[in-house]
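Structure at a glance
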Amino acid sequence: MVRPEWRAATSYIDGLAVPGTASEQVLDPATGGRIGTVQLGDAAMVDDAVVAAGAAFPSWRDLGPSERGRMILDATDVVEADVGELAATVGLEVGKVRREAFGDVAGALALLRGFVGLVEELSNGEDRTGQPGTGQATAVRIRHVPVGPVGVIGPWNTPVFLTFNGIAPALASGCTVVVKPPVEAPLALTAVLRALAERLPAGVLNIVQGRGSVVGQRIAEHPGIRAVMFTGSTATGRSIAAAGAATIKKVALELGGNDPAIVLADAAITPELIAELVAGAFSMSGQICFNIKRVYVHISRRDELVDGLRAALSRVVVGDPLDPASQMGPLTTRDGYENALRLLRSARDAGARVEELGVRSPSAQWEAGNYVRPTLVTDVPADHELVLDEQFAPILPVIAFDDEDAAVAEANRTEFGLASSVWSADLAHAERIARRIEAGNTFVNAHRLGASVPLVPFGGVKQSGVGRTHGIHSLHHCTEEHAIVAFDDARAQLPGLDPWLETDEEVAR
Ligand code: NAD
């Protein structure tokens, strides 16, 4: 495979590229080789970026949705021209196969366009004068105002799309941004960010590279940052919520998941169901927050389902992400790879049946890369770590149940609550079960597909997150409602309704 040339990711603050105080190599998960470098910033650079974002905020906000939108759309059009190369870069650094890499970049551009349109549409009805029917206030204006500088911190698994899941609503609604790309996969994201930032007024979009514990932490605690939009692990989410608490920040947390799929006795185990389960569990080598991470199947359908999954997984081609024939690439990080091997050893030790499937493509450097084959695990104890924790690897435990109540209890037996799915030919039956699952989203007869319905709120319950994204739900994180309620004459408008007025009159008497 010919690998694209070396790239560098630097910080960009107030319209200027800023060198780092140290640098780190970006590794190719398919070979272990170096493919780029990231210049790490520090807390002082965050401080500079927040000053720039604060200074740029009033004029960016006051431009109004149309003018802001036009600038964002013009910049987005420029990035679009390079979408193929950007997809190749993100594929290389994350280990995504072509289709997944393309979706990461193209999805981010769609977010920018979508939020520009949505904010314009909402702003048309923003300043409502009068409130018919209240009989009290002469004029009520409810404005959705941008909060100010927003911090955006994202993960390495879908670095471009998930970072823009925060940036796009923030920029479109009039916030300025300080963004920290993930150190593991900063290259494509930084290229997109730079192309945009250079076409927006200085200070509107600032990039600070660096470690989460230094740069991310400073963003979360900085008093000049009004809201943080974070996507990543539950452990980091906890630390960001704590850091943001000191300055009462709005904090949106999209965190980890351990999604259950419950296959009921009346499910139709068709090739389509198997294909959607496989896509739901194994896309991006199992490294998506809402991948299916465990399957509970009714005992009467267990063998049929396991046979179907085994047959489908045996055909999955695992290979170099740059090889168009590859359907699954390597794991992104060496730590994730080693954790996957540890989980497999531990499951075997616990008596589970572990089947490593898939076709090993000759394009893959098996010894050097972080390759794990799509793996089916059966006869695993229901309380094994592989079942109750987030494996973030292409390893799917399948557990049989004979009692639906017990299956629901097992599905809920975790502090995660991101997505989930129920599979049945009887939609009413599926919905009865779905209503009992503790999750932000429950899909019926789908999993990955369900999350792409754009205006459906997406997010987690319990320790999978706080808040929802998608459409208007994302805008709640970066705007505040400002109500201006005006009266011609307070006493005439509120006869006897306001205890403060009564008290004033009593005091005067
Ligand atoms: P991570 O939490 O380790 O890192 C995410 C980002 O946070 C990185 O940019 C990192 O540098 C930064 N960070 C680390 N420590 C920080 C700190 N103390 N303060 C501020 N920032 C800090 O997560 P990851 O390993 O990059 O991503 C994988 C995790 O993300 C998985 O748990 C996955 O489920 C989750 N995830 C959730 C969603 C969702 O929408 N709910 C989407 C994708 C990934």
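Parameters and conventions
- Every residue gets a number counted from 1 within its own chain, in the order that chain's sequence is written.
- For a predicted model such as this one, the threshold for reporting local features is a pLDDT of at least 70, and the threshold for listing and counting side-chain atom pairs is 80 or more; totals across whole chains, interfaces and linings nevertheless cover every residue.
- No hydrogens and no water enter the side-chain calculation; it runs on all heavy atoms of the structure.
- Here, a disulfide means two cysteine sulfur atoms that sit within 2.5 Å of each other.
- Burial status follows relative accessibility: with a 1.4 Å probe on protein chains alone, a residue under 20% of its type maximum counts as buried, one over 50% as exposed, and anything between as partly exposed.
- What counts as an axis is a line fitted to C-alpha atoms, over the stretch in contact for a helix, and the angles between N-to-C directions run from 0 to 180 degrees.
- To qualify as a helix, a DSSP run of H or I must reach at least 4 residues; to qualify as a strand, a run of E must reach at least 2; elements of each kind are numbered from the N terminus.
- Should the near helix be turned anticlockwise from the far one by less than a right angle, the crossing is left-handed, and should it be turned clockwise, the crossing is right-handed.
- We call two residues in contact when some of their heavy atoms are within 4.5 Å.
- Side-chain classes follow a simple rule in which Ala, Val, Leu, Ile, Met, Phe, Trp, Tyr, Cys and Pro form the nonpolar group, Asp, Glu, Lys and Arg form the charged group, and the remainder, Gly included, forms the polar group.
- Aromatic contacts are taken between Phe, Tyr and Trp rings whose centres are within 6.5 Å, Trp giving its six-membered ring; a plane angle under 30 degrees counts as stacked, one over 60 as edge-to-face, and the others as tilted.
- When we say a residue is near a molecule or strand, we mean one of its heavy atoms is within 4 Å of it.
- Nitrogen and oxygen atoms within 3.5 Å of one another constitute a polar contact, given that in protein one can donate a hydrogen and the other can accept it, and given that sequence-neighbouring residues count only through two side-chain atoms.
- We get accessible surface area from the Shrake-Rupley algorithm with a probe of 1.4 Å; when it comes to residues, only the shown protein chains can shield them.
- Residue ranges assigned to the domains are those given by an automatic or database domain assignment.
- Note on terminology: a nonpolar core comprises buried Ala, Val, Leu, Ile, Met, Phe, Trp, Tyr and Cys residues joined through side-chain atoms within 4.5 Å.
- In what follows, roughly perpendicular refers to angles from 65 to 115 degrees, roughly parallel to angles under 35, roughly antiparallel to angles over 145, and oblique to any angle outside these ranges.
- Accessible surface is computed with a 1.4 Å probe, and the buried area is the amount of it that two parts give up when combined, taken over both parts together.
- Note on definitions: salt bridges are taken to be side-chain nitrogens of Lys or Arg within 4 Å of carboxyl oxygens of Asp or Glu.
- A pair of strands is considered paired only if DSSP assigns at least 2 bridges between the two.

1. Side note on the state of the cysteines
Throughout the structure, instances matching the rule amount to 0 disulfides. The closest cysteine sulfur to the non-disulfide-bonded Cys-175 is located on Cys-478, 4.9 Å from its own sulfur. In this structure Cys-175 comes out as buried when scored by relative accessible area, which is 0%.

2. Describing the packing of helix H1 (residues 43–62) against helix H7 (residues 212–221)
Running from N to C, H1 and H7 cross one another at 35°; their axes reach a closest spacing of 8 Å. For the pair H1 and H7, the crossing hand works out as right-handed. When H1 is examined against H7, the residues Ala-43, Val-46 and Asp-47 are found in contact with a partner set consisting of Val-214, Val-215, Arg-218 and Ile-219. Here the residues of the contact of H1 with H7 are counted per class, giving 5 nonpolar, no polar and 2 charged.

3. Notes on the packing of aromatic side chains
Counted according to the given criterion, the structure contains 3 aromatic pairs. Taken together, a centroid distance of 5.3 Å and an interplanar angle of 65° make the contact between Phe-290 and Phe-458 edge-to-face. A residue pair is termed long-range when its members are at least 10 positions apart, and Phe-290 in the loop between helix H9 (271–282) and strand E13 (292–298) and Phe-458 in the loop between helix H15 (448–451) and strand E21 (465–466) qualify at 168 residues. With respect to burial, Phe-290 and Phe-458 carry one shared label: buried. Measuring from centroid to centroid gives 4.9 Å for Trp-366 and Tyr-371, while their planes differ by 45°, and the two rings are tilted.

4. A closer look at unusual backbone geometry
A positive phi is found at Ser-285, a non-glycine position, where the angle reads about 55°. Even without a glycine there, the phi angle at Asp-379 is positive, about 55°. Inspection of the secondary structure puts Asp-379 in the loop between strand E17 (375–378) and helix H12 (385–388).

5. Considerations on the site of the ligand
In the neighbourhood of the ligand, 27 residues make up the surrounding shell, with Gly-154, Ser-233, Thr-236, Leu-255 and Glu-390 lying closest. Taking Gln-217, its main chain carries an N or O atom lying 3.4 Å from a nitrogen atom of the ligand. Within the side chain of Glu-390, a nitrogen or oxygen atom sits 2.5 Å from an oxygen atom of the ligand. Across the complex, the protein chains shield 87% of the 850 Å² of accessible surface that the ligand would expose by itself. Secondary structure elements with two or more residues in the shell around the ligand: H7, strand E10 (227–231) and helix H8 (234–245). Class assignment of the residues belonging to the shell around the ligand gives a composition of 12 nonpolar, 12 polar and 3 charged. When residues of the shell around the ligand are assigned to domains, at least three fall in each of domain 1 (4–255 + 462–484) and domain 2 (259–444).

6. A few points about the nonpolar core
Val-150, Val-160, Phe-164, Ile-167, Leu-171 and Leu-205 are the most contacted members of the largest nonpolar core, which totals 63 residues. In terms of residue count, the dominant contributor to this core is helix H4 (residues 98–124) (10 residues). Looking at this core, you find at least three residues from each of domain 1 (4–255 + 462–484) and domain 2 (259–444). If sequence neighbours within four positions are ignored, Val-150 has contacts with Ala-170, Cys-175, Thr-176, Val-177, Val-178, Ile-225, Ala-227, Met-229 and Cys-478. Residues Leu-273, Leu-277, Val-306 and Val-398 belong to the second largest nonpolar core, which totals 30 residues.

7. Observations regarding the packing of H9 against helix H10 (residues 302–314)
Viewed as axis vectors pointing N to C, H9 and H10 meet at an angle of 65°, and their least axial separation amounts to 10 Å. Relative to H10, H9 is oriented roughly perpendicular. The way H9 lies across H10 gives a crossing that is right-handed. Counted together, Leu-273, Ile-274, Leu-277, Val-278 and Phe-282 of H9 and Leu-305, Gly-308, Leu-309, Ala-312 and Leu-313 of H10 form the full contact between these two elements.

8. A word on the domain arrangement of the protein
One can read the domain layout of the protein as domain 1 (4–255 + 462–484) and domain 2 (259–444). Computed from C-alpha coordinates alone, the two centres of domain 1 and domain 2 are separated by 31 Å. With 24 residues of domain 1 in contact, the opposing surface of domain 2 contributes 31 residues. Taken as a group, Ala-30, Trp-156 and Lys-462 account for 25% of the area that domain 1 buries against domain 2, more than any other trio of residues on that side. Counting across the domain 1 and domain 2 interface gives 1 salt bridge.

9. Here's the deal with the sheet that holds strand E5 (residues 34–40)
Pairing in this open sheet of 3 strands is mixed, and the strands run E1-E5-E4 from one edge to the other. Looking at the sheet topology across the chains shown, the edges are occupied by strand E1 (7–9) and strand E4 (22–27). On average, each strand axis in the sheet is tilted by 25° relative to the strand beside it, whichever way the strands run. Where helix H6 (residues 187–197) meets the sheet, its contacts fall on E1, E4 and E5, and the angle it forms with E1 comes to roughly 65°.

10. Observations concerning the sheet that holds strand E12 (residues 259–263)
Either a parallel or an antiparallel arrangement is found when strands of a sheet pair, and the pairing is made through backbone hydrogen bonds. Reading across the sheet, the 7 strands line up as E15-E17-E18-E13-E12-E19-E20 and stay open at both edges, with mixed pairing between neighbours. Where the open sheet ends on each side, the last strands, each with one partner, are strand E15 (353–356) and strand E20 (443–444). Direction of pairing for E12 relative to strand E19 (residues 421–423): parallel, over a ladder of 3 bridges. Looking across to E19, one finds that Ala-261 is bridged to Ser-421.

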